[in-house]
Amino acid sequence: MNAALRKLAAGALVALLAVTGAAHAQSAPPQATPLDRFKALAGDWVDADGALGMKGKVAATYRVTGAGSAVVERLFVDQAHEMTTVYHLDGADLVLTHYCAAGNQPRMRTRKTDTAVLFFEFDGGTNFDPARDMHMHEAKIEFVGPDEIRHSWQSWKDGKPAGHAPGFRLVRKAPA
């Protein structure tokens, strides 16, 4: 092969590698987000230890909505005091709005999302005065494994902690 042909072949190889690399970069899977942990929970979850008074029954459901932009959690499923929490991203932060049986809607966010335990801190809300009224103020959610999670919630009243909601453990409902 003469020098001119080798130079042409080398140039074509470089161009091919550049195009292949660009195509690979475009087809690479998107970076996982903190919300992806919640998306993976989609389905029915059982009160494992009875802490919610529903031992062995479906106590929570998770459903992905909004074209994948949010996850809806229903807690105390089909009970008079059923509550809903919606998880979504706000930039890099994971945010939740808790639609409480108390009739208020506290909002919390977590900025550190690279661990298996997420700590949510109060970030406002609606339908209550956080300096006076009882509301959920903090939450801790631990992803024990793909089929087990633990929740713990802290309520506040008069601007200070007013009681720790009992922690509870949920396990994924086994397929029928």
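Residues numbered from 1 in each chain as written. Predicted model: local features only at pLDDT ≥ 70, side-chain atom pairs only at ≥ 80, totals over all residues. Heavy atoms only, no water.

(A) Spotlight on the pairing of strand β3 (residues 70-75). Judged by how many residues are buried, β3 sits mostly within the fold: five of six residues are covered. The pairing of strand β2 (residues 58-65) with β3 spans six bridges and is antiparallel. Among the inter-strand pairings, Arg 63 is bridged to a residue of β3, identified as Val 72. The hairpin formed by β2 and β3 contains four residues between the paired strands, and Gly 66 there has a positive phi angle of roughly 60°. Bridging between β3 and strand β4 (residues 83-90) involves six bridges; their strand directions are antiparallel. Across the sheet, Glu 73 pairs through a bridge with Thr 85, a residue of β4. (Buried < 20%, exposed > 50% of the residue type's maximum accessible area, 1.4 Å probe, protein only. Helix = DSSP H or I, 4+ residues; strand = E, 2+ residues; numbered from the N terminus. Pairing = 2+ DSSP bridges.)

(B) Structural detail: the environment of Ala 131. With respect to the helices and strands, the residue Ala 131 is situated in the loop between β7 (117-126) and β8 (135-145). Note on Ala 131: relative accessible area 53%, which makes it exposed. Leave out the neighbours within four places in its chain, and Ala 131 touches Asp 158 and Gly 159. (Contact = heavy atoms within 4.5 Å.)

(C) Broad picture of the environment of Phe 143. Within the secondary structure layout, Phe 143 lies in strand β8. For Phe 143, a relative accessible area of 13% puts it in the buried group. Placed 28 residues apart in sequence, Phe 143 and Thr 115 show a C-alpha to C-alpha distance of 8.9 Å. The residues contacting Phe 143, other than those within four sequence positions of it, are Arg 37, Phe 38, Leu 41, Ala 116, Leu 118, Glu 148 and Ile 149.

(D) Looking closely at the pattern of salt bridges. Counted by the stated rule, this structure contains 14 salt bridges. Note that Arg 74 is salt-bridged to Asp 78, the shortest N-O span being 3.1 Å. Under the relative-accessibility criterion, Arg 74 is labelled partly exposed at 27%. Between Asp 129 and Arg 132 there is a salt bridge whose closest N-O contact spans 3.7 Å. Through salt bridges with shared partners, a single ionic network connects Asp 49, Glu 142, Glu 148, Arg 150 and Arg 169. (Salt bridge = Lys/Arg side-chain N within 4 Å of Asp/Glu carboxyl O.)

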